[in-house]
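What the coordinates show
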Amino acid sequence: MSSNILEINNLHKRFGEVEVLKGVDCAMQQGDVVCIIGSSGSGKTTMLRCINMLEEFNDGAIRIDGQEIGYEMRAGTRQRKSEQEIARQRALTGMAFQQFNLFPHMTATENVTLGLIKVKKMGRDEAVAVAERWLDRVGLLARRDHYPGQLSGGQQQRVAIARAIAMEPKLMLFDEVTSALDPELVNEVLLVIKDLAREGMTMLLVTHEMRFAYEVSTRVIFMNQGRIAEEGNPREMFIKPQTERLAEFLKSSAFN
Amino acid sequence: MDFTFSEFIQQFWIARGPIASGLGVTLAIAASAIILGTVLGVGVGLALAYGARPIRWLARAYTDFLRGTPVLVLVLAGYYVPSAIGIGLSPLQAGVVALAVFCSSHVGEIVRGALQAIPKGQIDAAKAIGLTFGQTFTSVLMPLALRQVLPAWVNTAAEIVKASTLLSVIGVGDLLLASQEIIARNFMNLPFYFLAGFLYFSINYAIERFGRFVERKTTIPS
Amino acid sequence: MGYTLNFAAVWRSFMPLLEGLGLSLMLAVESIAIGMLIGLVVSFALTSKLGLLRRTAGLYVTVIRNTPILVLVLFTYFALPNVGVQLDEIPSFVATLAIYSGAYLAEVFRAGLLSVPVGLREAGQTIGLSKMQIRTSIILPLMFRNVLPALGNTVISLFKDTSLAAVIAVPELTFQARKINVESFRVIETWVVVSLIYVCTCAVLAAVFRRIERQLSIPR
């Protein structure tokens, strides 16, 4: 049980009156590559953002590597942890965003070293060495002194991924990282992610790339209207969907 | 006109002391008001962008009230009111405070606009790597906001220099008042008002050029 | 503190304050009306292909925008008589504020002109419209909608600048306030009330502009 990297129990999230997550459970072990698929509004991105407390959640529990995320029981009531604590817990995960969100006023190297210096308290030289190693991993060492405005979308996303994994998180979160890219740039990013998967990184991806999900993931979660509708091995799920909604979804996403 | 150019030069030479000291006072007023106003204004801007609702509401009322009031009214109020409630301020001090308060309302709006223009994704990315709000502010928000604030701030500085002329109305010995005193003696209205205008123009033009220089230097390469 | 608030003195002087506000508004309307005409013409000059026209217009705008308005007001009223241009207080102030407005409005209109896509002018030409027809039927209506926010802000700012007429003894709102202040010694009440009058008038002006924006907005 405690060998799970990620444990989500009965996760509930409301935006005002609307309940977006209606009791989601999930468990991931070291090395799992899990893809979350579903139509927009199904709650997939919200679930991801609850894991690193970019969104608050109303009920349920999330544990990363055994640690309770975001909330704890104090004096019998559920209370939010302190900002300090939550900031520290966020370093357990790394996230790559659809809009990349690179800091525009910093070079690629500086984007990567910021977290290493400020959060991991590394010295400047050590941080730069680590950053360059990861930038090389994603194939962008030659561009380490470029600013985001000087990089293509695919290059920016690769730097963003390097920024996240340089922090050596226990779990990597990918939020539709190829959706904002021109088609010819999607592949370079997928290659980097496949590479990381091969190396055993534990990853949770929200994605529309069905072929990628089919090829690379150990498990696929299909979400519909705030709940997990179907879950399993993509090689079985995609060929023989158990629920009608998944069958519809697969048809509409033109998966072969 | 009943005076010649050489007579003007002669009078100008006689008056060079008062003109220089008036110029000095003008620059001192402007600098003090800009510095005080900027410090205050950054606080107001932070309150408007990130403050809890009551603080934000207070800052909003402060800015809206000040921006709907003419600067002259602020200067006059600043001159008359403190002595009535027992605070002894010299006209110079009162004027600088009035201008600083005026400056803070503009700077507050500028800072708020710049902070709110930063895409939310930047804060998300900073959170995702584990930065606290303080770290996010110093490393990400402030540098980005600063680039947007700078041109508008330089503009505000020029406005303050222009508004400093209003202190002549409450008797502060700035460049305009010095010019008026000189004119009262030698009746050379045209040349000396023209001279004053020219000097103010030069200062503001220099500020404008400086602003463009700063803008060029801080643009992020793309 | 020894100061008790007594708004009665200000209340007694309500009529002079109202008259002062009326005069302030009148000064604003006259100056801004003339200023808009100047600004429109100058904005075309600023975007013209003729270098000399562009530079002259640019010089006018640069000089006015970098000179304190008080200096301009005093110059027009006190210095121009030296060259034979003698004006009474109100005409003098209106002339000054009109020329001052013209420079700022020219910049607003220039930005508006530049925001109209070039392709529309070409489209007008291909239909066979003359340059003047293109300007009036296509460019100006679009430009006007685009500049409304900036125009509103500038107009409100110019209204506040009418307070400077007080310095040459024009009996507008600020002048009346100073009079009441000096006569009644009710300093806090006077200035709070006068500020509120200005703030409310500006708020009304802002609401008017927002209404115009809404009325003119193109349905989408």
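Residues numbered from 1 in each chain as written. Chains lettered and ligands numbered in written order. Predicted model: local features only at pLDDT ≥ 70, side-chain atom pairs only at ≥ 80, totals over all residues. Heavy atoms only, no water.

1. Topic: the packing of helix 3 (residues 108-118) of chain A against helix 5 (residues 153-165) of chain A
Residue and element names in this part refer to chain A. Across the interface, helix 3 lies against helix 5 with an axial gap of 8 Å and an inter-helix angle of 25 degrees. By the angle between their directions, the pair helix 3 and helix 5 is classed as roughly parallel. Here helix 3 and helix 5 pass one another in a crossing that is right-handed. For the pair helix 3 and helix 5, the contacting residues are A108, N111 and V112 in the first and V159, A162 and R163 in the second. (Axes fitted to C-alpha atoms, helices over the stretch in contact; angles between N-to-C directions. Helix = DSSP H or I, 4+ residues; strand = E, 2+ residues; numbered from the N terminus. Parallel < 35°, antiparallel > 145°, perpendicular 65-115°, else oblique. Left-handed = near helix turned anticlockwise from the far one by under 90°. Contact = heavy atoms within 4.5 Å.)

2. Side note on the interface of chain B and chain A
At the interface, 20 residues of chain B touch 25 residues of chain A. Where chain B abuts chain A, roughly 1,900 Å² becomes buried across the two surfaces, and 66% of that area is made up of carbon and sulfur atoms. Where chain B packs against chain A, one counts 1 salt bridge. The salt bridge partner of D124 of chain B is R49 of chain A, with a shortest N-O separation of 3.1 Å. Between chain B and chain A we count 6 residue pairs in polar contact (both at pLDDT 80 or more) in total. In terms of residue count, helix 6 (residues 120-128) of chain B provides more of the side of chain B that touches chain A than any other element does, 7 residues in total. Taken together, the residues that form the side of chain B that touches chain A break down as 10 nonpolar, 7 polar and 3 charged. (Buried area = accessible area lost by both parts, 1.4 Å probe. Salt bridge = Lys/Arg side-chain N within 4 Å of Asp/Glu carboxyl O. Polar contact = N/O pair within 3.5 Å; in protein donor to acceptor, adjacent residues only side chain to side chain. Nonpolar A, V, L, I, M, F, W, Y, C, P; charged D, E, K, R; others polar.)

3. A look at the pairing of strand 2 (residues 18-29) of chain A
Residues and elements named next belong to chain A. Judged from the 9 bridges that link them, strand 1 (residues 4-15) and strand 2 form a sheet pairing that is antiparallel. Counterpart to N4 in the pairing with strand 2 is Q29. Between strand 1 and strand 2, which pair antiparallel in sequence order, lie 2 residues; one of them, G16, sits at a positive phi of approximately 65 degrees. (Pairing = 2+ DSSP bridges.)

4. Here's the deal with the environment of N233 of chain A
All names here are of chain A. Looking at the element boundaries, N233 is found in the loop between strand 12 (227-232) and helix 8 (234-237). Given a relative accessible area of 30%, N233 falls into the partly exposed group. Considering only alpha carbons, one finds N233 and V220, 13 residues apart in sequence, at a separation of 6.2 Å. A polar atom in the side chain of N233 sits 2.8 Å from the backbone nitrogen of R235. (Buried < 20%, exposed > 50% of the residue type's maximum accessible area, 1.4 Å probe, protein only.)

5. Details of the environment of K194 of chain A
All names here are of chain A. Within the fold, K194 resides in helix 6 (residues 183-198). Judged by its relative accessible area of 26%, K194 is partly exposed. C-alpha separation for the pair K194 and S217, spaced 23 residues apart in sequence, amounts to 9.4 Å. Filtering out sequence-adjacent residues up to four positions away, K194 remains in contact with F212, E215 and V216. Separated by 3.3 Å, the side chains of K194 and E215 make a polar contact.

6. Some words on the confidence of the model for chain B
Residues and elements named next belong to chain B. Model confidence for chain B is summarised by a mean pLDDT of 91, while 99% of its residues fall at 70 or above. Taken element by element, the predicted model of chain B shows its lowest mean pLDDT in helix 1 (residues 5-14) (84) and its highest in helix 5 (residues 91-117) (95). Confidence estimates for the predicted assembly give a pTM of 0.82 and an ipTM of 0.89. (pLDDT = per-residue confidence, 0-100.)

7. A short note on helix 4 (residues 71-84) of chain B
Each α-helix winds once per 3.6 residues, and so residues spaced three or four apart point in a common direction. Across its 14 residues, helix 4 of chain B extends 20 Å between first and last C-alpha, which sits within 8% of the 20 Å expected from 1.5 Å per residue. Helix geometry: helix 4 of chain B is bent most strongly at G78 of chain B, by close to 25 degrees, with proline P82 of chain B lying one to four residues after it. Judged by how many residues are buried, helix 4 of chain B sits mostly within the fold: 11 of 14 residues are covered. Within the sequence span of helix 4 of chain B, burial applies to V71, L72, V73, L74, V75, L76, A77, G78, Y80, V81 and P82 of chain B. Buried residues in helix 4 of chain B make contact with helix 3 (53-67), helix 5 and helix 7 (133-163) of chain B together with helix 8 (173-184) and helix 9 (187-216) of chain C. (Expected span 1.5 Å × (residues − 1). Bend = angle between axes of the 7 residues up to and from the residue.)

8. Observations regarding the side chain of S24 of chain C
Residues and elements named next belong to chain C. Looking at the element boundaries, S24 is found in helix 2 (residues 14-46). On the accessibility criterion, S24 (0% relative accessible area) is buried. If near-sequence neighbours (up to four positions away) are discounted, S24 is found in contact with F159, T162, E172, L173 and Y198.

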